[in-house]
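# Remarks on the overall topology
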Amino acid sequence: MLTDKRILLIIAGGIAAYKALDLIRRLRERGAFVRAVMTRNATEFVTPLAVGALASERAYTDLFSLDDESDIGHIRLARDADLVVVAPATANLVAKMAHGIADDLASTVLLATDLPILIAPAMNVRMWLHPATQANMALLRDRGVAVVDPETGAMAENETGPGRLAEPPNIVASVEALLSGANRPLAGRRALVTSGPTHEPIDPVRYIANRSSGKQGHAIAAALARLGAETVLVSGPTQEPPPNGVRLIPVETAREMLAACEAALPADIAVCAAAVADWRAGEEAGQKLKKTGGAPPSLALTENPDILATLSAPGSARPALVVGFAAETESVIDHAVAKRARKGCDWIVANDVSAAAGTFGGDSNSVHLITEAGAESWPALSKKDVGERLAARIADHFQATT
Ligand code: PMT
């Protein structure tokens, strides 16, 4: 049942849009509140009147409508739901989602939302199989978007193949699975993840930084969210897109990162994957430092707060499971074992960050998970797979201890 669940249904313009009416009816029968947004093309296939009559309130269609904006506004549309469902998702809307294009109400809401998203694609078989669509789908899956794959069968243009919208009962089943906690063993848990580098200002134009891309930390946050954890990602400056279903708190410095982490407590799980600068400039110059022709200025450093050690310190706010990372260039396991004891965390994930390993900024990682039971070496995996494996281990831990 979907009692009290709020669903934002986005209907894109394809012949399968007519099935959205049946989908709305079934979702409402199961107790969901359904609000619908239609693209302009969708309104060529089904009328907003029909959609609004079946949904819990009228359909929204226009980004620039004064009525729509004063009634609810596109940002509230993007926030006020438990799940966003896109059905049917056309090749065009899938491409816009993959590339962050926001040129109408539906695509703007999809770019503005940080809610979990489920899409049910429907399109001509050749459009579905086109490498551009497949690459866009892979991008969306990587970002944590859940997919009800299209079905194979006869299509509108007398063609046969994959591309038909999944039947509404199958879409409803996926909605229920996502919202009920099936395959979501961390539902009800709160997770805090740090990611990326920190930037420590020297003067208004220069800063101390490191090579972290945020790929590993973001992948962990995405994986924890996929397993149902309510996940806060505190990240330094990165190019990585925020994963779906994760609340991103962007920060710059170590001190800002610590403050954001403390504000995000209580949490059951903390994973510190950020490459936090150990030191910052003792004094940040108010103006750009100038070349004077004399000796170059010297930089006095002062130590930054240790976020992992702070989160690991005993106390009522300590997350039940604190996982640190150890970035090492030699004696990786030995140094990581010592680091785990020094920082007071429960587990530590050790990785080799020497230039030859290519861990910083790369797409793969070879890690060793160090727990009270000892060190366990994992094979080389994509950073996404490291995230999934770590999240699965975290879920197992909670299942075993509660
Ligand atoms: O971002 P990518 O390009 O994907 O690269 C991933 C990564 C190499 C950055 C990541 O896998 C990783 O190793 N992160 C930890 C980097 C690091 O700073 O390691 P460390 O050994 O110096 O620190 C140990 C632990 O203390 C880490 O959990 C770190 O987040 C934490 N720390 C360190 C200093 C500090 N002031 N506060 C901290 O919380």
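What comes next is a walk through the structure. Per chain, residues are indexed from 1 in the order of the written sequence. Reporting of local features is limited, given that this is a predicted model, to residues whose pLDDT is at least 70; pairs of side-chain atoms are given and counted only at 80 or more, and all residues count toward the totals for whole chains, interfaces and linings. To obtain the side-chain values, all non-hydrogen atoms of the structure were included, while hydrogens and water were left out.

### Brief notes about the sheet that holds strand S20 (residues 374-377)
For two strands to pair, DSSP has to find at least two bridges joining them. Comment: elements are numbered from the N terminus, with helices defined as DSSP H or I runs of at least four residues and strands as E runs of at least two. Taken in spatial order, the eight strands make up an open sheet running S12-S11-S8-S13-S16-S17-S19-S20, and their pairing is mixed. Pairing within the sheet leaves two strands with one partner each, and these edge strands are strand S12 (246-250) and S20. If you compare each strand with its neighbour and ignore which way they point, the axes differ by 20° on average. As defined by bridge partners, strand S8 (residues 190-195) adjoins strand S13 (residues 269-272) across four bridges and the pair is classed as parallel. Looking across to S13, one finds that Ala 191 is bridged to Ile 269. A fitted line through C-alpha atoms represents every axis, and for helices the fit uses only the stretch in contact; the resulting angles, taken between N-to-C directions, go from 0 to 180 degrees.

### Observations regarding the pairing of strand S16 (residues 321-328)
Remark: a regular strand shows side chains that alternate across the two faces of the sheet. A simple rule labels every residue: compare its accessible area, found with a 1.4 Å probe on the protein chains alone, to the largest value its type can have, and call it buried under 20%, exposed over 50%, or partly exposed in between. Extensive coverage of S16 is indicated by the burial of seven of its eight residues. Where S13 and S16 come together, four bridges link them in parallel fashion. Within the sheet, the bridge partner assigned to Ala 270 lies in S16 and is Val 322. As paired elements, S16 and strand S17 (residues 347-352) share six bridges and run parallel to each other. Bridging from a neighbouring strand, Gly 324 pairs with Ile 348 of S17.

### Regarding the nonpolar core
Buried Ala, Val, Leu, Ile, Met, Phe, Trp, Tyr and Cys residues form a nonpolar core when they are joined through side-chain atoms within 4.5 Å. In terms of nonpolar packing, the biggest core is built from 32 residues, with Ile 11, Leu 27, Val 85, Ile 171 and Val 175 touching the most fellow members. Among the elements of the structure, strand S1 (6-11), helix H1 (18-29), strand S2 (33-38), strand S3 (83-89), strand S4 (117-121) and helix H10 (168-180) are those that each provide at least two residues to this core. Residues contacting Val 85, with those up to four places away along its chain left out, are Ile 7, Leu 8, Leu 9, Ile 10, Leu 118, Ile 171 and Val 175. Residues Leu 8, Ala 12, Ala 106 and Met 137 belong to the second largest nonpolar core, which totals 31 residues. Residues count as neighbours in contact if any of their non-hydrogen atoms are within 4.5 Å of one another.

### Quick notes on the packing of H1 against H10
Between H1 and H10, whose axes approach to 9 Å, the crossing angle comes to 45°. Relative to H10, H1 is oriented oblique. For the pair H1 and H10, the sense of crossing is right-handed. The residues of H10 that touch H1, namely those facing Lys 19, Asp 22, Leu 23, Arg 26 and Leu 27, are Pro 168, Pro 169, Ile 171, Val 172 and Val 175. Each residue is assigned to one of three groups, with Ala, Val, Leu, Ile, Met, Phe, Trp, Tyr, Cys and Pro labelled nonpolar, Asp, Glu, Lys and Arg labelled charged, and all others, Gly among them, labelled polar. In terms of residue class, the contact of H1 with H10 is built from seven nonpolar, no polar and three charged. Under this scheme an angle from 65 to 115 degrees is roughly perpendicular, one under 35 degrees roughly parallel, and one over 145 degrees roughly antiparallel; angles in between are oblique. For a crossing to be left-handed, the near helix must be turned anticlockwise from the far one by less than a right angle; the clockwise case is right-handed.

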